[in-house]
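Structural characterization, general
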Amino acid sequence: EAGVTQSPTHLIKTRGQQATLRCSPISGHTSVYWYQQALGLGLQFLLWYDEGEERNRGNFPPRFSGRQFPNYSSELNVNALELEDSALYLCASSLMGLAGERGFNEQFFGPGTRLTVL
Amino acid sequence: AQTVTQSQPEMSVQEAETVTLSCTYDTSESNYYLFWYKQPPSRQMILVIRQEAYKQQNATENRFSVNFQKAAKSFSLKISDSQLGDTAMYFCAFRGAQKLVFGQGTRLTINP
C-alpha cells in the first residue's frame, strides 16, 4: 500500500511569490494535516482538513491556506512568500479527524516538501 | 495552550548502550495521548510509541519503552540496546482535543 506522497520534493521561490504544495493521503484516509518544520523549531501545526473541510488551523497568518479535494488529496498555498517561510512542509494523513472523538488515529507522514525562499 | 518541551537538543551514545530522552508537557486536559516520533535522516516521520494518559502502565514496543509520570507531566523515552539505525531526530508529541503539538526534538546519534 502506498504511503503519503508529497510533491514537489523541492521548491525554490523568491520573496513575494506564491507556492503550492501537494499531498496525497493513504488510500482510505479522510484527514490531512499540514505541518511546518523550520530549522530548530520542531513541527508547527498549520492546517487540518477532514472530509473536504478545514477543521482547525494553527497560529499562522491567512496567507497560509489550503484545500482538500473530493479524492481527499490536499493542497497548501502560501501567498506573498517571506524569507522565514523557508522550511520543510510535512503532510500527514489519518483515518479520521481529531475533533469530537477521543480515540487514537495514527498520523502517517509524507517525506515533505523543502521550500526555499530567496 | 499545550506545550511540549524537550530539554536535550542533542545526544550521542555508543551502539548497544541504553539512552533516555526527556520530555515534559503542560496541559489542563485530563484525557490525552502522548507520542514519540522518529525522523531519520531520510525525513519520513514514523511513530515509535504512544501512551494513553488514562493508562498507568508504561507502554513498551520492543527496545523502546516510556516512563510516563502523569503528575509530573513527564514522558521520557528509553531506547535499550541502541542500534545504528536508531540515529534520528526524536520528537515528543501531545495530542489533546484538537491537534498534535510537538516538542522541538532531540537529535540522537548512535556511534559504532
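Residues numbered from 1 in each chain as written. Chains lettered and ligands numbered in written order. Predicted model: local features only at pLDDT ≥ 70, side-chain atom pairs only at ≥ 80, totals over all residues. Heavy atoms only, no water.

**A word on the overall build of chain A**
Scanning chain A from N- to C-terminus turns up zero helices and 11 strands. Listing every helix and strand of chain A by position from the N terminus yields β-β-β-β-β-β-β-β-β-β-β. Relative to the 2.2 N^0.38 estimate, which gives 13 Å for 118 residues, the radius of gyration of chain A is 14 Å and therefore close to what a compact globule would have. Over its C-alpha atoms, taken along the principal directions, chain A stretches across nearly 40 × 30 × 30 Å. Within chain A, buried positions represent 51% of all 118 residues. Pairs at least 24 apart in sequence give 56% of the contacts found in chain A among residues at least 6 apart. Within the structure as shown, chain A displays about 5400 Å² of accessible surface, and the carbon and sulfur contribution to it stands at 52%. (Helix = DSSP H or I, 4+ residues; strand = E, 2+ residues; numbered from the N terminus. Rg over C-alpha atoms; globule rule 2.2 N^0.38 Å. Buried < 20%, exposed > 50% of the residue type's maximum accessible area, 1.4 Å probe, protein only. Contact = heavy atoms within 4.5 Å. Areas by Shrake-Rupley, 256 points an atom, 1.4 Å probe, with all protein chains shown as cover.)

**Concerning the pattern of salt bridges**
All names here are of chain A. What the rule picks out here adds up to 11 salt bridges over all chains. Two residues, Asp-50 and Arg-55, come together in a salt bridge whose shortest N-O distance is 3.9 Å. Using a relative accessible area of 11% as the deciding quantity, one classes Asp-50 as buried. Here Glu-75 makes a salt bridge to Arg-67, at a shortest N to O gap of 3.2 Å. Members of the salt-bridge network, linked through shared partners, are Arg-22, Arg-67 and Glu-75. (Salt bridge = Lys/Arg side-chain N within 4 Å of Asp/Glu carboxyl O.)

**Quick notes on the layout of surface pockets**
Here the largest pocket defines a volume of roughly 540 Å³. Contributing to the lining of the largest pocket are 25 residues, with Gln-37 and Leu-39 of chain A together with Gln-39, Met-89 and Arg-107 of chain B lying nearest its centre. Elements with a contribution of two residues or more to the lining of the largest pocket: β10 (88-95) and β12 (106-111) of chain B. If you tally residues by element for the lining of the largest pocket, the top one is β12 of chain B, at four residues. When the residues that make up the lining of the largest pocket are grouped by side-chain class, the tally is 11 nonpolar, 10 polar and four charged. As for the second largest pocket, its lining consists of 18 residues, of which Leu-43 and Gln-44 of chain A together with Gln-2, Val-101 and Phe-102 of chain B are closest to the centre. When contributions to the lining of the second largest pocket are tallied by element, the ones reaching two or more residues are β5 (43-50) of chain A together with β1 (3-5) and β11 (100-102) of chain B. Of the residues belonging to the lining of the second largest pocket, the class tally is nine nonpolar, eight polar and one charged. (1 Å grid on protein atoms, 1.4 Å probe; cavity = no way out; pocket = protein on both sides within 12 Å on 5 of 7 lines; lining within 4 Å. Points joined across faces, edges and corners; volume = space filled by probe spheres on them. Nonpolar A, V, L, I, M, F, W, Y, C, P; charged D, E, K, R; others polar.)

**Examining the side chain of Ser-65 of chain B**
Residues and elements named next belong to chain B. Mapping Ser-65 onto the fold places it in strand β8 (residues 64-69). Residue classification places Ser-65 among the buried positions, given a relative accessible area of 15%. Not counting residues up to four positions away in its chain, the partners in contact with Ser-65 are Ile-49, Ala-59, Thr-60, Ser-76, Leu-77 and Lys-78.

**A short note on unusual backbone geometry**
For the bond from Ser-7 of chain A to Pro-8 of chain A, the omega torsion is -10 degrees, close enough to zero to count as cis. Mapped onto the secondary structure, Pro-8 of chain A falls in the loop between β1 (5-7) and β2 (10-13). A positive phi angle, near 80 degrees, is found at Ala-16 of chain B, a position not held by glycine. Residue placement: Ala-16 of chain B occurs in the loop between β2 (10-14) and β3 (19-21). Looking at Ala-16 of chain B, the relative accessible area reads 48%, which means it is partly exposed.

**A few points about the packing of aromatic side chains**
Counting across every chain of the model gives 16 aromatic pairs over all chains. Taking 5.4 Å as the distance between ring centres and 65 degrees as the angle between the ring planes, the aromatic pair formed by Tyr-25 of chain B and Tyr-32 of chain B counts as edge-to-face. Judged by its relative accessible area of 5%, Tyr-25 of chain B is buried. Ring geometry for Phe-35 of chain B against Tyr-37 of chain B: centres 6.1 Å apart, planes inclined by 50 degrees, an arrangement best described as tilted. There is no split in this pair, since Phe-35 of chain B and Tyr-37 of chain B are both buried. Chaining the aromatic ring pairs together yields one cluster made of Tyr-35, Phe-45 and Phe-109 of chain A together with Tyr-33, Phe-35, Tyr-37, Phe-91 and Phe-102 of chain B. (Phe/Tyr/Trp six-rings, centres within 6.5 Å; stacked < 30°, edge-to-face > 60°.)

Take it as geometry only, folks, not as evidence of what the structure does.
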